[in-house]
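Architecture and fold: a report
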Protein chains: 2
Amino acid sequence: MMLGPKLCKYSSALVLLGAGLCGLVNAGVPSGVTGGKRLTLDTINQQLRGMEYAVRGKVVIAADRISNEIKEKVKEYPFDHIVYTNIGNPQSVGQRPLTWPRQVLALSDLPEECGVDHPDCEKMFPKDAIERARLIKKALGGSGTGAYTHSQGPIAFRKDIAQFIKERDGGVESNPDRIFMTNGASNAIGMLLTALIKDSTCGIMIPIPQYPIYSASIDLLAGKKVGYYLDESNGWDMNLAELERSLAEAQEKGIVVNSFVLINPGNPTGQVLSKEAVQEIVKFCAKHNLVLLADEVYQQNVYDDDSEFYSCKKAAYDTGLLEEDKIELVSFHSVSKGITGECGRRGGYMELVGIDDDVYAELYKLASSSLCSGVPGQIMADLMVNGPKPGDVSYESHEAEKKAIFDSLKRKAKIAEDGFNAIDGFSCQKAQGAMYCFPKVTLPEKALEAAAASGVSPDAMYAISLLEETGICVIPASGFGQEEGRFGFRTTFLPSEDEMIKVVEAVRKHHENFVSKYS
Amino acid sequence: MMLGPKLCKYSSALVLLGAGLCGLVNAGVPSGVTGGKRLTLDTINQQLRGMEYAVRGKVVIAADRISNEIKEKVKEYPFDHIVYTNIGNPQSVGQRPLTWPRQVLALSDLPEECGVDHPDCEKMFPKDAIERARLIKKALGGSGTGAYTHSQGPIAFRKDIAQFIKERDGGVESNPDRIFMTNGASNAIGMLLTALIKDSTCGIMIPIPQYPIYSASIDLLAGKKVGYYLDESNGWDMNLAELERSLAEAQEKGIVVNSFVLINPGNPTGQVLSKEAVQEIVKFCAKHNLVLLADEVYQQNVYDDDSEFYSCKKAAYDTGLLEEDKIELVSFHSVSKGITGECGRRGGYMELVGIDDDVYAELYKLASSSLCSGVPGQIMADLMVNGPKPGDVSYESHEAEKKAIFDSLKRKAKIAEDGFNAIDGFSCQKAQGAMYCFPKVTLPEKALEAAAASGVSPDAMYAISLLEETGICVIPASGFGQEEGRFGFRTTFLPSEDEMIKVVEAVRKHHENFVSKYS
């Protein structure tokens, strides 16, 4: 398999033979020294080169450029700021942090004599924040927030998480020894996929549309993306026949499909799956012996009165698969979403269920090679799952803050959904949960031709046009995957209610202009 | 390259043909369902399975077990606690955090009305911490610490880092646009190696002994470790002839060596390289067109009065290679080491020098796929490179705290070095810098035989014996690499001075017992 250095280093005549190993080699120039540089687009990891990550991709880079041009007054635009709706980053667009967790966090970081033991501490901090900070310090074993923790996170925090999961799932046990605290859910997803992808025959079933951390990580690890389509006409529901088709077709091609990604509530699609649908998926995974990766980071973000979050673990329990040890399941959660919205903290966790002990040990080894996740993120995860209790001095204000954030998200989901559906040429499924709308947009034939002529996807052209005319930064739907011939974009509904109303109106106006421009 | 599913799923007769792709397959049992589980040691990524990470490896797992047994009083040991000297985790063994950065951090996390704007704020916090927290909030663009930042970190922080690097290097310019703030240096190293390792022909030169994040990451990414020996008899110095030998031998084997790892000050070896030595390395890398990965996380940890930290970037400047654009260099730094010792924060950064713009863009894409590093770690990095200034109210106390930590580290380096050298059968090079000693230990022939009989490396057997008899947790030298027939261990000198004196004495006693047991 290995080419000798002489074969590999010279000659373009050998390119066809050695392309996979040597990359493109300029005639006569030794590979690795093109233009004098060792590291070039041709010599780096080609999986990295080929990887796409639309959430901070080209449209966002253009938005950042425009934002700077506005700030530095080097160019004029018909708007005075960029509205970033490209990413679920609530506090970047005005969501206030919950007060109590920040107070506990601050006290946990302060040395005792400047914090919990300072004579004026109670003047600045509520009693229950002080008490909780003492508990956190104890949970960190006296080392404080400045030491590496256990590579899975401190056991006291993991016990709180296990208790939260147990209560959420109506008493189904959770094992703190199988919880890993991570730098956000992205980190946990990366770890799992690293273990799962043995070679380029390995396939991971992912929804279409999906959140691009999956496609990006699978590309980087040289695995195979095995897409299954969500049913847009049916509120982005799952379709068992489609799952079977996708799996069978991949197997036909020689792909060894070993796992299945479920995102519920959906990103970018915002649907909340029914109990029955989740049970079908769990059974499908058990039947085909697929590891189920349950992306449940939006479990608190359910706005639809007729929907309820139902976890994959509860489904495994209710179908008897958990007791029979017939399911291998990993569930991801994060402090970045929900009501907490603490993206900058990079906190998250995953729970392993039914995973072989030896495989757990390998994941532990992988976690230990980056020592531990950030302690402030760990603390925030602990505070998220274990907040103030009734009777605590901060309980009522904390609940009120949570309710205000949730109610506002709920109203904004409606503003976006209704607003888009009122635009001629737009169709937007119900925003039952998560933080996103993913409308389908009918584009004029001439726009498709113009996009083809300039070599970009029609919805990327549309998103750039929207950005340049309105300052609204959305992500082209093609970054998430969609049916052939469908176009659209993903937007969050995180900006303030006033701003969201303006966003919807600006999108409408832009669409009318766009359609008339290309008709 | 891809085997069809039928070939891959069944039959042990095909194992030899398909071993690389299918792993070990039990006769008659479809691969992937061994023992009912999809994920087993045989079906996971074999690079992960083969990866070793000794810093939190078997000895440490045994230490954790013993620590729990002591706490839960289920077993008695001849000591009452474990002394963890396996890892550079200063605050876990009693180093106090610097006060001022923690005060700024706490205020940065607190919402204004509970923090910088609270009427009692000045009772608890010094003025310069309050002012700095306001600047940090401004640097975070009004989003506070709860939002994702730019994927490289906020530009204001990167400008502070660039200024710090410039001052360190006597005025050599640093470009904030080429700095990436990361979750500790481990994360930065992982990113770079991901880009560098295109396929299994790619080789990375690493020192022997080395810090195992390199071997672990290269194993995981399926690259080739190309070891070069440090010269123990010469205080772990570099030897240019050895570098040339190592490179030439690897190239003979068909390995495309594309990069070179330098750890200075050394880990686990503690040497501080001379100006001339660093210049030799920079020239060596330029001559052979190798990307230089400069692990400079211990740049503040130089205790030897005759030594001084001299950066690779300064060496590139002083040799003219920087101006000629003849060097591709990435330097890593961290808030976990130095005087700061804020491991739990997971803060660090890397500076790219001479890296192709397109390659930079690919690294940016990779960083963006995990959104950003943790904001508390970013803030700590900013505070590390830009502390209180003369005249600020906290300046003197901050400098005094730093000096106390540094002086203590310096004394402890001496306690360890002298103590080990006084043990018959030990030889320990000068601990000029970093946080470690890496003594060579002469083991009796019978101990080597006993180790061989039980299938462990002699120094792993030795480390376990030391742990079980004294409670001291060190890492076998074999976890870092060493010459054939050499044995020893790495220990930090981070516990308190009193404890370090006891550690050295306990190591001496244990060694005498060990030698007499096996003689």
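Since we're looking at a predicted model, the values are computed, not measured.

1. Let's talk about the overall build of chain A
Scanning chain A from N- to C-terminus turns up 19 helices and 14 strands. Taken against the 2.2 N^0.38 rule, which gives 24 Å for 519 residues, the C-alpha radius of gyration of chain A at 25 Å falls within 12% of a compact globule. Seen through its C-alpha atoms, chain A measures out along the principal axes to roughly 75 × 60 × 50 Å.

2. Structural notes on the relation of the copies chain A and chain B
With an RMSD of 0.0 Å, the fit of chain A onto chain B corresponds to turning through 180° and sliding 0.0 Å along the axis. This pairing of chains is accounted for by a two-fold axis. Across chain A, the rotation axis passes nearest the C-alpha of A:Ala106, at a separation of 2.1 Å. Most of the interface of chain A is mirrored in chain B: 99% of its interface residues are interface residues there too.

3. Comments concerning the sheet that holds strand β13 (residues 475–476) of chain A
All names here are of chain A. Taken in spatial order, the 3 strands make up an open sheet running β10-β14-β13, and their pairing is antiparallel. Of all the strands in the sheet, the pair left with one neighbour each is β10 (436–437) and β13. Two elements, β13 and strand β14 (residues 489–492), share 2 bridges in a ladder whose sense is antiparallel. Counterpart to Ile475 in the pairing with β14 is Arg490.

4. Points about the interface of chain A and chain B
At the junction of the two partners, chain A supplies 91 residues and chain B supplies 91 residues. Take the side of chain A that touches chain B: its biggest share by element is 7 residues, from helix α14 (residues 357–369) of chain A. For the side of chain A that touches chain B, the class distribution of residues is 37 nonpolar, 35 polar and 19 charged.

5. A word on the sheet that holds strand β7 (residues 329–334) of chain A
All names here are of chain A. Read across the sheet, 7 strands follow the order β2-β8-β7-β6-β5-β3-β4 without closing on themselves; strand pairing throughout is mixed. Only two strands of the sheet have a single neighbouring strand rather than two, namely β2 (179–182) and β4 (224–229). Averaged over all adjacent pairs, the angle separating strand axes in this sheet is 20°, with direction ignored. Note: strand β6 (residues 291–295) against β7, 4 bridges, orientation parallel. Following the sheet pairing, Ala294 is matched in β7 by Ser331.

6. Observations concerning the nonpolar core
Of all hydrophobic cores here, the largest spans 314 residues; its most connected members are A:Val282, A:Leu292, B:Val282 and B:Leu292. Residues within four places of A:Val282 in sequence aside, it is in contact with A:Leu292, A:Cys312, A:Ala315, A:Ala316, A:Thr319, A:Leu321 and A:Ile327.

7. Examining helix α9 (residues 184–196) of chain A
Residue pairs spaced three or four apart in an α-helix point in one direction, given the helix's 3.6 residues per turn. Residue and element names in this part refer to chain A. Look at α9: 19 Å from first C-alpha to last across 13 residues, which is about the 18 Å you get at 1.5 Å a residue. Here α9 lies mainly inside the structure; 12 of its 13 residues are buried. Among all positions in α9, only Gly184, Ala185, Ser186, Asn187, Ala188, Ile189, Gly190, Met191, Leu192, Leu193, Ala195 and Leu196 are buried.

8. Some points on the pairing of strand β2 (residues 179–182) of chain B
On any regular strand, side chains alternate: one points to one face of the sheet, the next to the other face. Residue and element names in this part refer to chain B. Burial along β2 is two-sided: the residues Ile179 and Met181 and Phe180 and Thr182 are all buried. Relative to strand β8 (residues 348–353), β2 runs antiparallel, the two being bridged by 4 bridges. The partner of Phe180 across the bridge, within β8, is Met350.

9. Concerning the domain arrangement of chain A
Residue and element names in this part refer to chain A. Domain annotation of chain A identifies domain 1 (5–44), domain 2 (54–93 + 400–517) and domain 3 (151–374). A C-alpha centroid distance of 28 Å is found between domain 2 and domain 3. Contact with domain 2, which involves 30 residues of that partner, is made by 27 residues of domain 3. Elements with a minimum of two residues in the side of domain 2 that touches domain 3: α16 (395–421) and β10. Broken down by element, the side of domain 2 that touches domain 3 gets its largest block of residues, 6 residues, from α16.

10. Brief notes about helix α18 (residues 458–470) of chain A
Residues and elements named next belong to chain A. Here α18 spans 18 Å end to end across 13 residues, near enough to the 18 Å set by a 1.5 Å rise per residue. Every buried residue of α18 is listed here: Pro458, Asp459, Ala460, Met461, Tyr462, Ala463, Leu466, Leu467 and Thr470. Where α18 ends, the next residue or the one after it, Gly471, has phi of about 80°, a positive value.

The rules behind each value
Residues numbered from 1 in each chain as written. Chains lettered and ligands numbered in written order. Predicted model: local features only at pLDDT ≥ 70, side-chain atom pairs only at ≥ 80, totals over all residues. Helix = DSSP H or I, 4+ residues; strand = E, 2+ residues; numbered from the N terminus. Rg over C-alpha atoms; globule rule 2.2 N^0.38 Å. Least-squares fit on C-alpha atoms with pLDDT ≥ 70 in both. Contact = placed C-beta atoms within 7 Å. Pairing = 2+ DSSP bridges. Nonpolar A, V, L, I, M, F, W, Y, C, P; charged D, E, K, R; others polar. Axes fitted to C-alpha atoms, helices over the stretch in contact; angles between N-to-C directions. Core = buried A, V, L, I, M, F, W, Y, C linked by C-beta atoms within 7 Å. Buried ≥ 20, exposed ≤ 12 C-beta atoms within 10 Å, placed from the backbone. Expected span 1.5 Å × (residues − 1). Domains from an automatic or database assignment.

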